[in-house]
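Geometric and topological summary
One letter stands for each residue in the lines below.
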Amino acid sequence: RPCRAMDWQVLTRELSLYLESQVRVGFFGSGVGLSLVLGFGVAYACYYLSSIAKKPQLVATNDSFCRFLEEYCPVVTETYYPTIWCWEGRMQTLLRPFITSRPQVQYRNELIKTADGGQISLDWFDNNDSLYYPDASTRPTVLLLPGLTGTSKESYILHMIHQSEMLGYRCVVFNNRGIAGEELLTPRTYCASNTEDLEAVIRYVHSLHPSAPFIAAGVSMGGMLLLNYLGKTGRDTPLMAAAIFSAGWNVFESVESLEKPLNWLLFNYYLTTCLQSSISRHRQMLEKLFDMDLVMKARTVREFDKQFTSVMFGYRTIDDYYEDASPCRKLKSVGIPVLCLNSVDDVFSPGHAIPVETAKQNANVALVLTSCGGHIGFLEGIWPRKCTYMDRVFKQFVQAMFEHGNKIFSM
């Protein structure tokens, strides 16, 4: 609620008089000092409650989908309270990997072959101790897609698996080629636009458990890849729904944002070195097709994509690749229910590039837009070690779809 001036003055005066009577020495023992400290605190609290803590914007043209989310996934309609000392987008993005816990997960690794002679590493969490779904053949399955250089070891993936474990679900993490410790058998890695490997993984997982309900969740580039797949396949997919987190909707806008001086210093250069590191151990295989010395000189993601990614996947120019990789161009064709969470202060996916109007043209799509949260941040609570807002959205939506998905377009 807005703070009234009279209330603030009365509160400040009373607390100042009380504290001054308790402490008589130093700056903070003076009425002036205490008034300044208390005044700042009250002003900050007022600013936080009026400008920072807000309900997310829910964009969905289908009233039935909205009612479904309001009843079974209420977190998307509740006020999001970012961590009070860390609400700015860049800070949230930088701190999450260091501040959040890393739940212990025991994986079962599996390597599957691809049509071109390559291999893909899948990390399974079978959840064989599931009390809710003891029958493995019908145990709900969640396919998880990490970000650009991420693997099954990322904290956000571990938290998603932890949430799924409590609900009794099985999880499988799709690690992009060459990223999770396995060898490259062919001179090919991955990109946001080419969905062939994802299609192979979805077919394979579904063939193992054809009677199990099947949902996918993608984070950052994993979300972009999943959206591009859904835009390509429409309704022709074994997936019943999908959840997307912090996707870059328009790659042109994303790279432009990341090339601003501060963002380049904080994110772009580091991400470029991560990309280079991910391919450096495969140098002997990749040198057959690429000038690796030139690739390793890249100082931005755009330079890396120009010298490596776009060339690998046969694009004439980097602009052709970025156009094909941008999910905003395929959103109209998505044929299953999809929930997409973005923060408008995400420097990886600027708020103005989120395709709100396009989403309104597809009854299967719902956007949840928060004012704060950064890129895969969404920290909340005084000390955000455990569950984040993103984790809660994931848990509620996946549970809603598995348990009540047949009601989504009939409410």
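If you check an unreviewed UniProt entry, the protein chain appears there as Phospholipase ABHD3 from Probosciger aterrimus. One UniProt comment on the protein chain, placed under Sequence similarities (unreviewed entry), says "Belongs to the AB hydrolase superfamily. AB hydrolase 4 family." A UniProt comment under Subcellular location (unreviewed entry) is attached to the protein chain, and it reads "Membrane".

**Section: the environment of Q57**
Mapped onto the secondary structure, Q57 falls in strand β1 (residues 57-59). When the C-alpha positions of Q57 and F174 are compared, they lie 30 Å apart, and in sequence the two are 117 residues distant.

**Re unusual backbone geometry**
The phi dihedral of S220 is positive, around 55 degrees, even though this residue is not glycine. Within the secondary structure, S220 sits in the loop between β6 (214-219) and α7 (221-233). When its relative accessible area of 12% is taken as the criterion, S220 is described as buried. Notably, S246 is not glycine yet its phi reads approximately 55 degrees, a positive angle.

**Considerations on the pattern of salt bridges**
The tally for this structure, following the rule as stated, stands at 17 salt bridges. Note that R90 and E88 form a salt bridge whose closest N and O atoms lie 3.5 Å from each other. In this structure R90 comes out as partly exposed when scored by relative accessible area, which is 25%. When the shortest N-O distance is used, the salt bridge between R188 and D197 registers 3.9 Å. The same class applies to R188 as to D197, namely buried.

**Topic: the packing of helix α6 (residues 196-208) against α7**
Contact pair α6 / α7: the axes reach a minimum separation of 10 Å and the direction vectors enclose 75 degrees. What the angle tells us is that α6 and α7 run roughly perpendicular. Between α6, through L198, E199 and I202, and α7, the contact on the second element is made entirely by L225, L226, Y229 and K232. Here the residues of the contact of α6 with α7 sort into 5 nonpolar, no polar and 2 charged.

**Observations regarding the pairing of β6**
Counting buried positions along β6 yields 6 of 6 residues, so the element is predominantly enclosed. Neither face of β6 is left uncovered, since the one carrying F214, A216 and G218 and the one carrying I215, A217 and V219 both have all their residues buried. Relative to β6, strand β4 (residues 141-145) is paired through 5 bridges, and the arrangement is parallel. Each residue of the ladder has a partner; that of L144, found in β6, is A217. Of the strand pairs in this sheet, β6 and strand β7 (residues 241-245) are connected by 5 bridges, and their pairing is parallel. Across the sheet, the residue bridging to V219 is F245, located in β7. Viewed along the sheet, the connection from β6 through α7 into β7 turns out right-handed.

**Points about the packing of aromatic side chains**
Within the structure shown, the criterion is met by 16 aromatic pairs. Taken together, a centroid distance of 6.5 Å and an interplanar angle of 50 degrees make the contact between Y80 and F378 tilted. Note that Y80 is positioned in the loop between α3 (63-72) and α4 (89-99) and F378 in the loop between β9 (365-370) and α15 (389-404), a separation of 298 residues in sequence. Each of the two residues, Y80 as well as F378, counts as buried. Ring centres of Y315 and Y321 lie 5.4 Å apart, and the angle between their planes is 45 degrees; on these two criteria the pair is classed as tilted. The buried category is assigned to Y321, whose relative accessible area is 5%. Members of the aromatic cluster, connected to one another through ring pairs, are F252, Y315, Y321 and Y322.

**Details of the layout of surface pockets**
There is about 1100 Å³ of room inside the largest pocket. In this structure, the largest pocket is lined by 45 residues; those nearest its centre are L148, T149, L271, F348 and H375. Those elements that provide at least two residues to the lining of the largest pocket are α4, α5 (155-167), α7, α8 (251-258), α9 (261-280), α12 (301-312) and α13 (318-325). Among the elements that take part in the lining of the largest pocket, α9 stands out by supplying 8 residues, more than any other. Considered class by class, the residues forming the lining of the largest pocket number 28 nonpolar, 13 polar and 4 charged. Residue contributions to the lining of the largest pocket reach at least three from each of two domains, namely domain 1 (52-250 + 326-407) and domain 2 (251-324). Of the pockets and cavities examined, the second largest pocket occupies roughly 150 Å³. What lines the second largest pocket is simply I112, K113, T114, A115, D116, R177, R188, E196, D197, E199, A200 and R203. Here the lining of the second largest pocket gets 5 residues from one element, more than from any other, and that element is α6. Per-class residue counts for the lining of the second largest pocket are 3 nonpolar, 1 polar and 8 charged.

**Examining the nonpolar core**
Within the largest apolar cluster, 69 residues are counted, with the highest numbers of intra-cluster contacts made by L143, L226 and L367. The element that contributes the greatest number of residues to this core is α7, accounting for 7 residues. There are two domains that each give this core at least three residues, and those are domain 1 (52-250 + 326-407) and domain 2 (251-324). Setting aside chain neighbours within four positions, we find L143 in contact with V172, F174, L198, V201, I202, F214, I215, A216 and A217. By size, the runner-up hydrophobic cluster in this structure holds 49 residues, among which are Y48, M160, L341 and F402.

About the cut-offs
Residues numbered from 1 in each chain as written. Predicted model: local features only at pLDDT ≥ 70, side-chain atom pairs only at ≥ 80, totals over all residues. Heavy atoms only, no water. UniProt positions renumbered as here; feature names shortened; annotations may be inferred. Helix = DSSP H or I, 4+ residues; strand = E, 2+ residues; numbered from the N terminus. Buried < 20%, exposed > 50% of the residue type's maximum accessible area, 1.4 Å probe, protein only. Salt bridge = Lys/Arg side-chain N within 4 Å of Asp/Glu carboxyl O. Axes fitted to C-alpha atoms, helices over the stretch in contact; angles between N-to-C directions. Parallel < 35°, antiparallel > 145°, perpendicular 65-115°, else oblique. Contact = heavy atoms within 4.5 Å. Nonpolar A, V, L, I, M, F, W, Y, C, P; charged D, E, K, R; others polar. Pairing = 2+ DSSP bridges. Right-handed = clockwise from strand over helix to strand, strands pointing away. Phe/Tyr/Trp six-rings, centres within 6.5 Å; stacked < 30°, edge-to-face > 60°. 1 Å grid on protein atoms, 1.4 Å probe; cavity = no way out; pocket = protein on both sides within 12 Å on 5 of 7 lines; lining within 4 Å. Points joined across faces, edges and corners; volume = space filled by probe spheres on them. Domains from an automatic or database assignment. Core = buried A, V, L, I, M, F, W, Y, C linked by side-chain atoms within 4.5 Å.

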